[in-house]
Amino acid sequence: MSSHLLERRIWPAKESLTTPGLLPHCRPLARNPGTPHGSSYWDQATRAVQLNPVEKHYLQLLGRPFIIAGDMRRTPLYSGLFLAAFAAARFVVFQADPLASLSTYSREESFKAGGLRSFEIVPLETVSETSANASIGDLNGDGHPDIALVKGRHWQVPSRIFFGDGKGHFTPGPALPSKATKSYSGSLADMTKSGHLDMVLSNDEPDPKSVLLNDGKGNFTIGGTYGDPKWSTRNAAVDDLNGDGYPDIAVANRGMTSYVCLNDGKLHFDCHPLKDSPSAATVAIADMSGDGANDVIYACRDSCQSLVYFNDGKGHLDRKVAWGPPKSSTRAMAVADFNGDGQLDIAACHEDMGCFVYLNDGKGNFGEGIRFDTPKAVPYSMIAADLNRDGRPEIVVGYVEAPGVVYFNDGTGRQYQPVPFGDGKGAVYGMAAGDLDGDGWTDIVVARSDASCFVMFNRPPKK
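Sequence order as written defines the numbering, with residues in each chain counted from 1. Predicted model: local features are reported for residues with pLDDT of at least 70 only, side-chain atom pairs are reported and counted for 80 or more only, and whole-chain, interface and lining totals are derived from all residues. Excluded from the side-chain calculation are hydrogens and water; included are all heavy atoms of the structure.

1. Digging into the overall build of the protein
Phase 1: Within the protein, the regular secondary structure consists of 3 helices and 36 strands.
Phase 2: Buried, partly exposed and exposed residues are distinguished by accessible area as a fraction of the type maximum, computed with a 1.4 Å probe on protein chains only: under 20%, between the cut-offs, and over 50%, respectively. Residues classed as buried in the protein amount to 65% of the 463 residues present.
Phase 3: Should any heavy atoms of two residues lie within 4.5 Å, those residues are considered in contact. Put simply, 55% of the contacts in the protein that link residues at least 6 apart link residues at least 24 apart.
Phase 4: Accessible surface, the protein as shown: approximately 15500 Å² in total, 50% of it carbon and sulfur. Secondary structure elements are defined from DSSP: runs of H or I of at least 4 residues count as helices, runs of E of at least 2 residues count as strands, and each element is numbered from the N terminus. For accessible areas, the Shrake-Rupley method is used with a probe of radius 1.4 Å. Any residue's cover is judged against the shown protein chains and nothing else.

Below you can see the structure in the form of structure tokens.
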């Protein structure tokens, strides 16, 4: 277990900074001298606290201005959001138990936790393009969550950013310098320790895989590239893999070998192939063994075995463990502690097989899976987020030409109650979660292909 100290500080909801599946009331601070870069938080008593791997992982989802992404330990990322689970960055990591200790709600609000919720759907834009994913983070430094809407897939389309006012209203931000690209995901992370969230785009061939640098006000420039433009890239997860404090990149390539690209802090990337990596459209970074080192999780896209690659702490990912069916086709995957035992589990929907939760035994081994649905529609994306504030993450799945579904967790991680959302148009290609209107409840951004994208505001259950 890592001995890193993180400081925690509770901020008012109106100053909250959120990322996929994050806690709405934690705000990133400048790091404490002597601690790993971007790894400290202060509570109101200004006391350092030691967090377990699950708590660290959850905090990393908070996306602070220094580093954090998919997993949140030494690097803040606003995954696709990632919360990332996605078809192009369709991954999400959610920490369950830390909720009680990392958030504060008024006594009046607290008793409302648990049970089902309803959702108010508000369009984010009016056009219907090939949108692939979304990420949430404070891009312009005003303390309010903003949205990165990633577009392209097989076609060259400009991605967009939207600035939030903290009350659920969004206005278009400046155009991105990447212009029209075949993008699948845009993970947000501080790639150079500048204190600003940059954007890592996973672009399909022949487009270069780009890193966009943020000036802190939401103006981006092309800072560098990683990998090979010829890669058939479908997703990229970002977090520190070798312990140097800089976010690295795990790349998911379809129909070819996938790679991890180590960042030297100056946007030079040393890319290494992962042996026997599956054809993949989804990848996640998280500490699956509880040893303090981030591991890499792949879902097989094309009838093969999904794998977890375990990290020795120095970025070497030689040991791997299989999870899920030996031959499955999977786009939708999320990583979270679904049963509250302090271990990160895996949820996935396999095409023509159903949706399952694979519980972690604490040593990075996963069981046969607990089926929670057998949908008729094709699952394209998944995130995990605590939508009813009971300390356990829900599973949110996006489908093709069918309504999406929020599966409310009964707290055991084994039984879920489905609540559909949306009009069933297009394909829900990616989602992100965070408190977008400052009410203390986690909302969801939905990126759709061939249908307009929208925000789902979390509301009390309908009577």
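2. Observations regarding the state of the cysteines
Phase 1: Disulfides are defined as pairs of cysteine sulfur atoms found within 2.5 Å of each other. Tallied over the entire structure, the rule returns 3 disulfides.
Phase 2: Covalent S-S linkage joins C300 and C304, the inter-sulfur distance amounting to 1.8 Å. An S-S torsion of about 100° defines the bridge between C300 and C304 as right-handed.
Phase 3: According to the relative accessible area criterion, C300 is buried, its value standing at 0%.
Phase 4: Covalent S-S linkage joins C349 and C355, the inter-sulfur distance amounting to 2.0 Å. In this structure, the disulfide formed by C349 and C355 twists by about 105° around the S-S bond and is classed as right-handed.
Phase 5: Looking at the protein, its bonded cysteines, counted consecutively from the start of the sequence, adopt the pairing 1-2, 3-4, 5-6.

3. Some points on the pairing of strand β33 (residues 416-421)
Look at any regular strand and the pattern is simple: side chains alternate between the two faces of the sheet.
Phase 1: Pairing between strands is defined by DSSP: at least two bridges between them are needed. Where strand β32 (residues 404-409) meets β33, 6 bridges bridge the pair, whose relative direction is antiparallel. Residue pairing across strands places V406 opposite V419, the latter belonging to β33.
Phase 2: Hairpin connection of β32 to β33: 6 residues between the antiparallel strands, including G411 at a positive phi of 105°.

4. Description of the packing of aromatic side chains
Phase 1: Only the six-membered ring of Trp is used, alongside the rings of Phe and Tyr, when aromatic pairs are assigned; centres must lie within 6.5 Å, and planes under 30 degrees apart are stacked while those over 60 apart are edge-to-face, with the rest tilted. One pass over the full model with this rule turns up 8 aromatic pairs.
Phase 2: Ring plane angle 65° and centroid distance 5.5 Å describe the contact between W323 and Y358, whose orientation is recorded as edge-to-face. Placement of the pair is W323 in strand β25 (residues 319-328) and Y358 in strand β28 (residues 354-358), with a sequence separation of 35 residues.
Phase 3: Y358 gets classed as buried once you look at its relative accessible area, which sits at 1%.
Phase 4: Aromatic ring contacts, followed pair by pair, group W323, F356 and Y358 into a single cluster.
Phase 5: Over a ring means this: the NZ of a Lys or the CZ of an Arg is within 6 Å of the ring centre and within 35 degrees of the ring normal. Positioned above the aromatic ring of F310, the side-chain terminus of R319 is 4.1 Å from the ring centre.

5. Some details on the environment of H169
Phase 1: Examined against the element boundaries, H169 turns out to sit in the loop between β11 (160-164) and β12 (170-172).
Phase 2: The spatial distance from the C-alpha of H169 to the C-alpha of L124 is 9.3 Å, given a sequence separation of 45 residues.
Phase 3: Not counting residues up to four positions away in its chain, the partners in contact with H169 are F163 and G164.
Phase 4: A polar contact is formed between the side chain of H169 and the side chain of D165, at a distance of 2.8 Å. The term polar contact refers here to a pair of N or O atoms within 3.5 Å; inside protein, the definition further demands a hydrogen-donor-capable atom paired with an acceptor-capable atom, and it admits residues adjacent in sequence only when both atoms are side-chain atoms.

6. So, the sheet that holds strand β21 (residues 269-273)
Phase 1: The strand order across the open sheet formed by 4 strands is β18-β19-β20-β21, and the pairing between neighbours is antiparallel. For this open sheet the edge positions go to β18 (233-239) and β21, each flanked by a neighbour on one side alone. Strand-to-strand twist of the sheet, defined as the mean angle between neighbouring strand axes without regard to direction, takes the value 20°.
Phase 2: Sheet analysis places strand β20 (residues 259-263) next to β21, joined by 5 bridges and oriented antiparallel. Bridge pairing links C261 to C271 in β21. What counts as an axis is a line fitted to C-alpha atoms, over the stretch in contact for a helix, and the angles between N-to-C directions run from 0 to 180 degrees.

7. What about the sheet that holds strand β24 (residues 304-310)?
Phase 1: Spatially, 4 strands are ordered β22-β23-β24-β25 in an open sheet, and the strand pairing comes out antiparallel. Strands with a single pairing partner mark the edges of an open sheet, and in this sheet they are β22 (280-286) and β25. Mean inter-strand twist for the sheet, computed between neighbouring axes without regard to direction, equals 15°.
Phase 2: The pairing of strand β23 (residues 295-300) with β24 spans 3 bridges and is antiparallel. Considered in β24, the bridge of I297 is made with V308.

8. Brief notes about the environment of P158
Phase 1: Its location among the elements puts P158 in strand β10 (residues 157-158).
Phase 2: For the pair P158 and K179, spaced 21 residues apart in sequence, the C-alpha to C-alpha distance is 5.0 Å.
Phase 3: Sequence-distant contacts of P158, defined by excluding residues within four places in its chain, comprise K151, K179 and A180.

9. Regarding the side chain of S232
Phase 1: By secondary structure assignment, the location of S232 is in the loop between β17 (220-226) and β18.
Phase 2: Of the polar contacts made by the side chain of S232, one reaches the backbone oxygen of R254; its length is 2.4 Å.
Phase 3: The residues touching S232, leaving out its near neighbours within four places in the chain, are D204, E205, A252, N253, R254 and M256.

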